[in-house]
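Residues per chain, in single letters:
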Amino acid sequence: MPAVTETIDTVQSVTEGTYKWGFETEIEMEFAPKGLNEDIVRFISKKKNEPQWLLDWRLKAFAIWQKMEEPRWPAVTYPPIDYQDAYYYAAPANKVKPKSLDEVDPELLRTYAKLGIPLKEQAILAGVEGAGDVPAEGGRMPIAVDAVFDSVSVATSYKERLGKEGIIFCAISEAVEKYPDLVRQYLGTVVPQGDNFYAALNSAVFTDGSFVYIPKGVRCPMELSTYFRINAKSTGQFERTLIIADEGSTVSYLEGCTAPMRDENQLHAAVVELVALDDARIKYSTVQNWYPGDAEGKGGIYNFVTKRAQCRGKRSKVSWTQVETGSAITWKYPSCVLLGDDSVGEFYSVAITNNRQQADTGTKMIHVGKRTTSTIVSKGISAGRGQNTYRGLVRVAPTASNARNFTQCDSLLIGDQCGAHTVPYIENRCMTAKTEHEATTSRIAEDQLFYCRQRGLSEEDAVGLIVNGFCREVLKELPMEFAVEAQKLLQISLEGSVG
Amino acid sequence: MLKIEGLTAEVEGKQILKGIDLEVPVGEVHAIMGPNGSGKSTLSYVLSGREGYEITGGSVTFAGQDLLALEPEERAASGLFLAFQYPVELPGVGNALFLRTALNAVRKARGEPELDAMQFLKVARERLKALQIGEDMLKRGVNVGFSGGEKKRNEVLQMALLQPKLAILDETDSGLDIDALKIVSDGVNALRGPGFSALVITHYQRLLDYIVPDRVHVLMGGRIVQSGGPELAKQLEAEGYASVQAAA
């Protein structure tokens with residue numbers, strides 16, 4: 001092979017070859033006209049057959065957004081975004097809305113098969129149907145999936161099975177149609193339209209996302225998940241997720257995401273709202289694997305996301321776990337507002353930046369109720385020329401007597417051209433509250449790598465092992481099957497970062 | 001098994017090994033003794049392929065291969081094991097996972113099937129029992145919070161699992177009390193046989209009471225200055241390295 005071709009192949013295998021989800025699905029799409037104005041907001045609302053109140057809600061958000069400015073405080077740099085140079089609605093062109101999986105475009109089904117996302121419900125073993133736990137074939141717990149492709153939900157599995165328990169799990173646009181009162185009661189109550197620039201944008205143009213309602217006292221019998229896929233060019237994804245856990249209920253929810261490799265930057269600005277009432281528990285896990293751009297920083301997703309939970313009820317608990325490996329830029333702070341007495345907020349995070357990736361991520365824990373407790377464990381890993389910032393706020397109101405917070409921020413550096421930054425804010429207005437903050441910064445030492453290699457591990461396996469060890473406290477919070485995925489992903493994300 | 005000819009090496013531009021000639025036949029255990037700064041640890045790192053050691057001349061043949069052309073993990077896969085003087089801590093990495101990953105990496109390279117968690121546990125338990133090491137060793141992070149003796153025992157456990165063709169023990173006796181020394185020595189002796197060779201690097205003769213070598217070499221100033229049988233170690237203990245230096 002000529003040297004030039006060989007070089008090109010080698011470079012490709014090192015840079016592009018590592019992102020295994022970068023293919024594009026060729027399918028007929030329907031777009032809104034490019035750009036953003038009131039008509040586009042009306043277009044989206046009409047596409048979804050929305051009631052007038054929601055259109056008004058969107059238009060109000062749009063008016064707010066027009067007066068707002070992009071936040072400049074994050075420690076990330078990027079060229080100005082032209083919000084008029086993108087599509088705000090893109091959906092597979094279906095003549096009729098598919099009623100079952102059989103009616104979904106086979107090309108879409110192939111896409112999800114290729115991504116390893118199970119859309120088909122696994123056969124439930126005879127005799128155990130209706131039991132609390134439902135083991136599927138092979139003894140594994142089934143996972144209910146809502147698959148969002150660009151701007152629309154294409155399929156949601158196990159809806160009927162969950163319906164027997166009174167659980168609602170569907171696309172948010174479907175929820176608006178079928179359960180308008182529930183949606184109206186909660187939408188925007190955790191993240192109001194004017195909360196921040198991207199939340200306002202999302203409120204104006206959000207398309208799909210998942211809606212979950214767990215009734216009183218119900219323990220959701222399976223993991224719920226949403227899989228987000230950006231496919232179309234020059235398209236932003238603005239999903240909105242709303243999860244309500246009624247009194248005494250429990251739910252574990254997962255989300256995953258991927259996108260094709262493109263030279264352009266694509267915007268993903270989501271809003272996630274969680275509401276936990278008395279004694280309710282929500283566990284929300286994210287494995288974020290948007291296309292990170294190439295080794296030179298070309299392309300990749302801008303992941304500008306607002307996630308917030310309100311622990312409204314007494315003794316309620318919300319736990320965020322995130323593994324952030326993808327995206328060119330990540331800007332997100334999954335937060336907990338601890339209103340109910342004795343409520344609990346947790347945030348476990350792993351954020352990796354390799355090549356030219358930038359991440360400014362962390363959490364806000366707002367203590368309002370008495371004896372509220374929060375735990376923050378953040379693991380930042382920087383490699384290549386990646387920049388990684390932990391930004392966190394712990395605020396204790398005067399009402400939050402005997403509140404407790406523990407924060408631990410660890411940074412790991414690989415190589416000498418990356419950066420790690422920790423920006424913790426603590427605002428304590430309560431005499432009886434206690435907050436603790438611990439932080440460390442370390443490197444993968446040459447002697448650790450050599451030790452592993454002397455035992456037969458390749459350099460990349462050694463880095464993977466050491467990084468997984470570094471992240472262990474966070475990874476163990478993930479549901480079992482996700483944890484395995486996440487471990488592999490950590491290793492893949494760091495390919496080419498040593499040697 | 002191992003043949004070193006005219007090996008010279010530098011660290012940060014300073015020549016440390018100045019022409020080493022050494023042959024360890026299959027099934028033999030050789031000891032290398034020498035004062036501090038004679039190049040003992042450099043020799044073990046050069047043989048195992050650590051970065052930062054520049055080889056300026058000579059050759060090393062191991063099991064019929066040009067050892068110096070291989071990456072560290074390839075050397076490990078072909079049967080070379082280094083028991084570290086200062087075993088390294090890997091926080092958050094479970095010892096069982098580490099040992100299984102290492103064992104499977106080596107098995108894969110040898111074309112043997114990899115072991116799953118249950119199969120591995122069975123093998124590991126046998127080795128632990130034979131070495132009189134408690135099972136909790138598997139549950140802890142790799143060398144994290146281990147005492148000096150525990151770290152060395154963990155090295156011997158790894159050696160027993162990986163079953164190398166050649167083990168280099170780099171001052172494994174340093175920092176060991178007499179009980180730990182016995183466990184470590186028993187571990188090495190248990191592996192002795194026609195398929196196993198070892199290079200025991202030590203400062204003191206004490207270890208060689210437990211691991212009796214076939215040959216003893218004295219390394220001074222980057223060269224092997226004297227070789228002999230086990231009695232040479234005893235002579236060094238009695239008369240010190242100065243006597244050898246005078247003779248050389």
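Criteria and cut-off values
Residues numbered from 1 in each chain as written. Chains lettered and ligands numbered in written order. Predicted model: local features only at pLDDT ≥ 70, side-chain atom pairs only at ≥ 80, totals over all residues. Heavy atoms only, no water. Helix = DSSP H or I, 4+ residues; strand = E, 2+ residues; numbered from the N terminus. Rg over C-alpha atoms; globule rule 2.2 N^0.38 Å. Buried < 20%, exposed > 50% of the residue type's maximum accessible area, 1.4 Å probe, protein only. Contact = heavy atoms within 4.5 Å. Areas by Shrake-Rupley, 256 points an atom, 1.4 Å probe, with all protein chains shown as cover. Lys, Arg positive; Asp, Glu negative; His and termini not counted. Charge placed at Lys NZ, Arg CZ, Asp CG, Glu CD. pLDDT = per-residue confidence, 0-100. Core = buried A, V, L, I, M, F, W, Y, C linked by side-chain atoms within 4.5 Å. Pairing = 2+ DSSP bridges. Axes fitted to C-alpha atoms, helices over the stretch in contact; angles between N-to-C directions. UniProt positions renumbered as here; feature names shortened; annotations may be inferred. Buried area = accessible area lost by both parts, 1.4 Å probe. Salt bridge = Lys/Arg side-chain N within 4 Å of Asp/Glu carboxyl O. Polar contact = N/O pair within 3.5 Å; in protein donor to acceptor, adjacent residues only side chain to side chain. Nonpolar A, V, L, I, M, F, W, Y, C, P; charged D, E, K, R; others polar. 1 Å grid on protein atoms, 1.4 Å probe; cavity = no way out; pocket = protein on both sides within 12 Å on 5 of 7 lines; lining within 4 Å. Points joined across faces, edges and corners; volume = space filled by probe spheres on them. Disulfide = S-S within 2.5 Å.

On to the overall build of chain B, then. Looking only at helices and strands, one finds 10 helices and 12 strands in chain B. A globule of 248 residues ought to have a C-alpha radius of gyration of about 18 Å, and chain B, at 18 Å, matches this closely. By its C-alpha atoms, chain B is 55 × 40 × 35 Å across when sized along the principal axes. Relative to its full complement of 248 residues, chain B shows a buried share of 50%. Taking as baseline every contact in chain B between residues at least 6 positions apart, the subset at least 24 positions apart corresponds to 68%. Accessible area of chain B: about 10,500 Å², with a carbon and sulfur share of 49%. Taking the average place of the 26 positive charges on the side chains of chain B and the average place of its 32 negative ones, the gap between the two points comes to 4 Å.

This part is about the confidence of the model for chain A. Residue and element names in this part refer to chain A. For chain A, per-residue confidence averages 84 on the pLDDT scale, and 86% of positions sit at 70 or higher. The secondary-structure element of chain A with the lowest mean pLDDT is helix α1 (residues 3–15), recorded at 38, while strand β16 (residues 335–338) shows the highest, at 98. Across residues 1–17, confidence stays below pLDDT 50; counting only partners more than four residues off in sequence or on other chains, it has 7 contacts.

Quick look at the nonpolar core now. Membership of the largest hydrophobic core comes to 113 residues, with the highest contact counts inside it found for A:Ile381, A:Val467, B:Leu2, B:Ile4, B:Leu47 and B:Phe98. Not counting residues within four places of it along the chain, the set of residues in contact with A:Ile381 comprises A:Val350, A:Ala351, A:Ile352, A:Thr353, A:Asn388, A:Leu412, A:Ile414, A:Val467, A:Phe470, A:Cys471 and A:Leu494. With 38 residues, the next largest nonpolar core counts A:Ala276, A:Val394, A:Ala403 and A:Cys409 among its residues.

We now examine the sheet that holds strand β1 (residues 2–11) of chain B. Residues and elements named next belong to chain B. Pairing is antiparallel in the open sheet, where 4 strands are placed in the order β2-β1-β4-β5. Every other strand in the sheet has two partners, leaving β2 (14–24) and β5 (65–66) as the edge strands with one partner each. Relative to β5, strand β4 (residues 53–62) runs antiparallel, the two being bridged by 2 bridges. Residue pairing in the sheet places Thr61 in a bridge with Asp66 of β5. Set on the sheet, helix α1 (residues 40–48) makes contact with β1, β2 and β4; between it and β1 the angle comes to about 110 degrees.

According to UniProt, the positions carrying the feature "domain: SUF system FeS cluster assembly SufBD N-terminal" (unreviewed entry) are residues 156–220 of chain A. Helix makes up 43% of residues 156–220 of chain A and strand 15%, with an end-to-end C-alpha separation of 16 Å.

Now for the interface of chain A and chain B. Listed by partner, the interface residues are 18 residues for chain A and 32 residues for chain B. Roughly 2,000 Å² is buried in total at the junction of chain A and chain B, and carbon and sulfur atoms are behind 62% of that figure. When the buried surface of chain A facing chain B is broken down by residue, A:Phe450, A:Tyr451 and A:Arg455 rank first, second and third, together holding 37% of it. On inspection of chain A and its partner chain B, the count reaches 5 salt bridges. Among the salt bridges present, the one from B:Glu51 reaches A:Arg453, with a minimum N-O distance of 3.9 Å. The interface formed by chain A and chain B includes 12 residue pairs in polar contact (both at pLDDT 80 or more). For the side of chain A that touches chain B, the elements supplying multiple residues, two or more each, are α9 (446–454) and α10 (459–470) of chain A. Considering every element that reaches the side of chain A that touches chain B, the biggest residue donor is α9(A), with 8 residues. Counted by class, the side of chain A that touches chain B contains 7 nonpolar, 5 polar and 6 charged residues.

Moving on: the pattern of salt bridges. All names here are of chain A. Inspection of the entire model under this criterion finds 36 salt bridges over all chains. Between Lys178 and Glu174 there is a salt bridge, with the nearest N and O atoms lying 2.8 Å from each other. Here Lys178 pairs with Glu174, and both are found in helix α6 (residues 172–178), just 4 residues apart, close to one helical turn. In this structure Lys178 comes out as exposed when scored by relative accessible area, which is 51%.

Before going further, it helps to examine empty space enclosed by the protein. All names here are of chain A. The final tally for this structure, using the stated rule, is 7 cavities of 30 Å³ or more. The computed volume of the largest cavity comes to approximately 70 Å³. Elements that contribute at least two residues to the lining of the largest cavity include exactly β9 (250–258), β12 (281–288) and β13 (300–311). For the lining of the largest cavity, the element with the highest residue contribution is β13, accounting for 3 residues. Class assignment of the residues belonging to the lining of the largest cavity gives a composition of 5 nonpolar, 4 polar and 4 charged.

All right, on to the side chain of A:Gln357 then. Structurally, A:Gln357 can be placed in the loop between β17 (344–353) and β18 (358–367). Those residues in contact with A:Gln357 that lie beyond four places of it in its chain are A:Pro292, A:Thr325, A:Gly326, A:Ser327, A:Ala328, A:Ile352, A:Arg385, A:Gly386 and A:Gln387.

Attention now goes to the state of the cysteines. Each disulfide consists of one covalent bond between the sulfur atoms belonging to two cysteines. All names here are of chain A. Tallying each qualifying case throughout the model produces 0 disulfides over all chains. Free cysteine Cys409: the closest other cysteine sulfur is in Cys471, separated by 13 Å. Judged by relative accessible area, Cys409 falls into the buried class, the value being 1%.

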